[in-house]
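One-letter residues, chain by chain:
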Amino acid sequence: MTYETKINPVDNGVNTEALIGARGAFEQMPQAAAFTFRSTCDWISGTRNCNSLNGYFGLGEEQTRKETFAIASDHPEVFAAADTAPTPPEIVLAALASCLTGGLAAVAQHRGIKLHSVRAVVEGDIDVRGILGMDQGIRNGFSAIRVSFDISADASDEDVAALVAQSQKRSAVYDMLTNTTNVAVSVA
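What this report covers is the structure whose coordinates are included nearby.

Analysis parameters
Here the residue index of a chain counts from 1 through its sequence in written order. In keeping with the model being predicted, local features are shown solely for residues with a pLDDT of at least 70 and side-chain atom pairs are shown and tallied solely at 80 or more, while totals for entire chains, interfaces and linings include all residues. The basis for every side-chain value is the complete set of heavy atoms in the structure, and neither hydrogens nor water enter the calculation. By definition, any uninterrupted DSSP run of H or I lasting at least four residues is a helix, any uninterrupted run of E lasting at least two residues is a strand, and each is numbered from the N terminus. For the exposure calls, accessible area comes from a 1.4 Å probe over protein chains only, and a residue counts as buried if that area is under 20% of its type's maximum, exposed if over 50%, partly exposed in between. Only heavy atoms matter for contacts: two residues are in contact if any of them lie within 4.5 Å across the pair. Per-residue accessibility takes into account occlusion by the displayed protein chains alone, with areas from the Shrake-Rupley method and a 1.4 Å probe. Paired strands, in this sense, are two strands between which DSSP finds at least two bridges. The convention used is that axes are lines fitted to C-alpha atoms, helices contributing only their stretch in contact, and that angles between N-to-C directions extend from 0 to 180 degrees. Residues belong to a common nonpolar core when they are buried Ala, Val, Leu, Ile, Met, Phe, Trp, Tyr or Cys residues joined through side-chain atoms within 4.5 Å. Given a helix with a known number of residues, its expected span is that number minus one, times 1.5 Å. Any angle that is under 35 degrees is reported as roughly parallel, and any over 145 degrees as roughly antiparallel; angles of 65 to 115 degrees are reported as roughly perpendicular and all others as oblique. Amino acid classes used here: Ala, Val, Leu, Ile, Met, Phe, Trp, Tyr, Cys and Pro are nonpolar; Asp, Glu, Lys and Arg are charged; the rest, including Gly, are polar. Any pair of nitrogen or oxygen atoms within 3.5 Å is treated as a polar contact; in protein, a donor-acceptor pairing is required on top of that, and neighbouring residues in sequence qualify only through side-chain atoms on both sides.

1. Some points on the overall build of the protein
Regarding its fold elements, the protein presents five helices and eight strands. Its helices and strands taken in sequence order, the protein reads α-β-β-β-β-β-β-α-β-α-β-α-α from the N to the C terminus. If one aligns the C-alpha atoms of the protein with their principal axes, the spans along those axes are about 60 × 40 × 30 Å. The proportion of buried residues among the 188 residues of the protein is 22%. Sequence separation of at least 24 residues holds for 52% of the intrachain contacts in the protein that already meet a minimum separation of 6. Total accessible area on the protein is roughly 13,200 Å²; 53% of this is exposed by carbon and sulfur atoms.

2. Section: the sheet that holds strand S3 (residues 48-53)
The sheet built from three strands is open, its strands ordered S2-S3-S6 with antiparallel pairing. Two strands in the sheet have a free side with no partner beyond their single neighbour: strand S2 (40-45) and strand S6 (69-73). Each adjacent strand pair in this sheet contributes to an overall mean axis angle of 25°, direction not counted. Across five bridges, the pairing between S3 and S6 is antiparallel. Each residue of the ladder has a partner; that of Asn51, found in S6, is Ile71.

3. Considering the nonpolar core
Within the largest apolar cluster, 10 residues are counted, these being Leu104, Ala105, Val107, Ala108, Ile113, Leu115, Ile151, Ala153, Val160 and Leu163. Counting residues per element, the ones that place at least two in this core are helix H2 (88-111), strand S8 (144-153) and helix H4 (157-170). The biggest single contributor to this core is H2, with four residues. The residues contacting Val160, other than those within four sequence positions of it, are Ile151, Ala153 and Ala155. Listed in part, the seven residues of the second largest apolar core include Ala97, Leu100, Val122 and Val173.

4. What to know about H2
The end-to-end C-alpha distance of H2 is 35 Å, a good match for the 34 Å that 24 residues give at a rise of 1.5 Å each. Within H2, burial applies to Leu93, Leu96, Ala97, Leu100, Leu104, Ala105, Ala106, Val107, Ala108, Gln109 and Arg111. Residues of H2 that are buried make contact with helix H1 (16-28), strand S7 (115-125), S8, H4 and helix H5 (172-178). Of the residues one or two after H2, Gly112 is the one with positive phi, at around 75°.

5. Re the packing of H1 against H2
How two helices pack is summed up by the angle between their axes together with the distance between the axes. Their axes nearest at 9 Å, the elements H1 and H2 cross at an angle of 95°. The pairing of H1 with H2 is recorded here as roughly perpendicular in orientation. Within the contact between the two elements, H1 uses Thr16, Leu19 and Ile20 and H2 uses Ala106, Gln109 and His110. Per-class residue counts for the contact of H1 with H2 are three nonpolar, three polar and no charged.

6. Let's talk about the environment of Asp125
When you line up the elements, Asp125 lands in strand S7. For the pair Asp125 and Ala144, spaced 19 residues apart in sequence, the C-alpha separation works out to 5.4 Å. A polar contact of 2.7 Å, which involves the side chain of Asp125, links it to the side chain of Arg146.

Below, the structure is given as structure tokens:
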């Protein structure tokens, strides 16, 4: 299936010209494409934490954002916690939904497809006996994740399915969840 940008481009709020321009710049300077994102997590009390996100390395130097973002996490009362924020696994599901949905909007913009609404519902299954150390044969993380999209767009069902497939193919979070990532943990 071949896609071409329509003569009358739609506006889904994504600057695809800038994204395509970035690709060209990174072809000329591949070292500028190496980014390091970071989060600083501070323990508050019990199982409550707060992550601060500002600043990252990219385009060959440190970058600072206009605003520092905060993501709090906690655990539900059924785990003897305060239930003041989503759990870390729920934040992972939200990250996957956000990455796939944002990618879908960018692909739709590039292909000239007008989006009216997009909703992603993401569910993940965890057997908490693994987390609680009750059974070494049960993993601590998700055993399965399901993503379901409800999309209204000026496009055929086949074109909508192709949007989802391309978003999945280019999603950093999908890649992180489906491929091995080296994680190093240390104490300062």
